[in-house]
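# Architecture and fold: a report
Each chain, letter by letter, is given below.
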Amino acid sequence: MRILIIDDEPLVRIGIKSAIDWEAQGVEIVGEAGDGEEALRMIAETAPDVVLLDIKMPKMDGLEMLRTIKERQIPVQTVVLSSFDDIAYVKEALKLGAFDYFHKPDMNERELTAMLKSIREQFGSQKASAPIGTGTVGNRREQILYDALHGHVHDLSETTLKEGNMYVLLFKIKNYGTVIKRYTKETESILPNTVQNIVNEILSTEKEAEYLQLDEQLSAVFISNSELKSLLASLTRVNKIVQMISAALKRFVNIDIVLGVSDWFADFDGIKAGYEQAGKALSHQFYHPDTSIFYYQHLKQKGEQVYKQADAYLSQMKTALREEANDLFMELLSRWEKFLEQEECMEEKDVRKVYEGLLFMIGESGDSPGGAIPEGAAGFEEVHEFGQLSAMYRHMFEERFKTRNHMELKGYSQLTRNIMEYTEEHYSESLSLKLFGELFHVSPNYVSRLFKQEVGQGLFDYINQRRIEKAKVLLKDYRYKIYDVAEMVGFNNQAHFAIVFQKYTGFTPKQYRKEEV
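Our subject in this report is the structure included herewith.

Here is what the cut-offs are and how they apply
Residues numbered from 1 in each chain as written. Predicted model: local features only at pLDDT ≥ 70, side-chain atom pairs only at ≥ 80, totals over all residues. Heavy atoms only, no water. Salt bridge = Lys/Arg side-chain N within 4 Å of Asp/Glu carboxyl O. Helix = DSSP H or I, 4+ residues; strand = E, 2+ residues; numbered from the N terminus. Buried < 20%, exposed > 50% of the residue type's maximum accessible area, 1.4 Å probe, protein only. Contact = heavy atoms within 4.5 Å. Polar contact = N/O pair within 3.5 Å; in protein donor to acceptor, adjacent residues only side chain to side chain. Phe/Tyr/Trp six-rings, centres within 6.5 Å; stacked < 30°, edge-to-face > 60°. Lys NZ or Arg CZ within 6 Å of the ring centre and 35° of its normal.

### Quick word on the pattern of salt bridges
For the structure shown, the criterion picks out 26 salt bridges. Between Glu45 and Arg41 there is a salt bridge, and its shortest N-O distance comes to 3.1 Å. Of this pair, Glu45 and Arg41 both sit in helix H2 (residues 36-46), four residues apart, which is roughly one turn of the helix. Its relative accessible area of 55% is what places Glu45 among the exposed residues. Residue Arg41 is classed as partly exposed on the basis of its relative accessible area, which comes to 43%. In this structure, the salt-bridge partner of Asp327 is Arg466, at a minimum N-O distance of 3.7 Å.

### Digging into the environment of Asp147
With respect to the element layout, Asp147 can be found in helix H6 (residues 134-149). Residue class for Asp147 comes out buried when judged on its relative accessible area of 15%. In this structure, the C-alpha to C-alpha distance between Asp147 and Lys272, residues 125 residues apart in sequence, is 9.1 Å. Once you skip the residues sitting within four places of it in the chain, Asp147 turns out to touch His152 and His154.

### With respect to the side chain of Asn225
Relative to the elements of secondary structure, Asn225 occurs in the loop between strand E8 (218-223) and helix H9 (231-253). Residue Asn225 is classed as buried on the basis of its relative accessible area, which comes to 2%. A polar contact of 2.8 Å, which involves the side chain of Asn225, links it to the side chain of Arg237. Apart from the residues within four sequence positions on either side, Asn225 is in contact with Gly164, Asn165, Tyr167, Glu208, Ser234, Arg237 and Val238.

### Here's the deal with the packing of aromatic side chains
As enumerated under the stated definition, the model contains 17 aromatic pairs in all. Measuring from ring centre to ring centre gives 4.6 Å for Tyr355 and Tyr393, while their planes differ by 5°; the resulting arrangement is stacked. With a gap of 38 residues between them, Tyr355 in helix H13 (residues 348-365) and Tyr393 in helix H14 (residues 386-408) connect regions that are remote in the sequence. Across the pair, Tyr393 and Tyr355 agree in class, each one buried. Measuring from ring centre to ring centre gives 5.5 Å for Phe501 and Tyr512, while their planes differ by 75°; the resulting arrangement is edge-to-face. Pair noted here: Phe501 is in helix H20 (residues 494-505) and Tyr512 is in helix H21 (residues 509-516), with a separation of 11 residues, a long-range link. Like Tyr512, Phe501 is buried. When the ring centre of Tyr478 is taken as origin, the NZ or CZ atom of Arg513, which lies over that ring, is 4.7 Å away.

See the structure below:
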């Protein structure tokens, strides 16, 4: 069945095209018009089975059209679109041969589907074998544009594009996981259909611009500016189109989009590179979730040294995990994350792989079989902002370390486990046998004897070891003076700290800092 949509309001036409999956209903929308005169011409050109016809339009309204269709005996079924205050017009339209009518504010998928079924039952699809019209042309154009994105440039003369000051734009729906929840499983297709129809409506008034929907979230816009000699004028036009698309989607569908814009290129052969540039620009939303448009030409170009430094951090983190230096690992993780925020040298998918690999390593030493990611990580797929992703993984790392520590303490008595856990959290404070005796309601001598018996070293040896491990991490950060580090890990003076530090590491704090940093 072939349908022509006639309404002077673009939003209504977009709404109708987006309301249902017309193709699934066996329907081809052969065109649309904004007034009666244009509609009569299109009826002659496209030979539709059904016309969805607005009553009130400029030049020639719906009633005049119905009279003309009746006088000329044009073989088409008409369904009238009206507002609530058009009852008198509707009655007249039905007298003139309209098959049915819809109130536009109440029009929905169920009513449209029922209307199609009713027309089929009463009249059949008289032109079912007619040649395929604009649908096939659209599919061919989409294939031409898709091929161009992947470096196969052919038949672009069949599009509106011309060589000269060209750009590729990519845009995606922001917070898509939240937006799609507005729809049921059955109506999810309405969103991409609506986006496609709105953007096509905007670009229909633009020279040298094409739209291609890549999936339900991602779309491409091709813009050429063959008539503009200035790059500034070309970019100004690109920005105008960007603003029109963003504003229309916000107004009509209440969605925000994020855009990546390529650098300019001269001819069709540059489309593939432009597509890659737009993708790289768009990927930076990972680090800047509040920014809506990214230009490839504004991105910082990364030198080889940046990638080497990122690899160095990763290597150090892996080493820390293998040596079970949890505090050092968390410190290195913070440095790596800060480095990424500054340099933006890794894409989202690669950052995720690093986090998952590190989590796997921790899991191998914990109680998660094979390092499997627990159920709590399922929601990570819906997070596409570096700050949020970092915080979620950091929490998971800390939980894994707690679990691993708990497993390591299983062989000790409850009292010894309590002492170790308290030390881990309060190592910077003053600790004594008397304190532990009071905390856990036992004698200080019993604390000392039991701890050495179970752990194999004296309690204060253990406490000092933990303090020195913490100090080694802090000494790598030049923001802290050596005496600051001493106080932060529980030593009253720098001299005592230096003696204990050298005992356990073989270096003075100053030597260690020089060697390690």
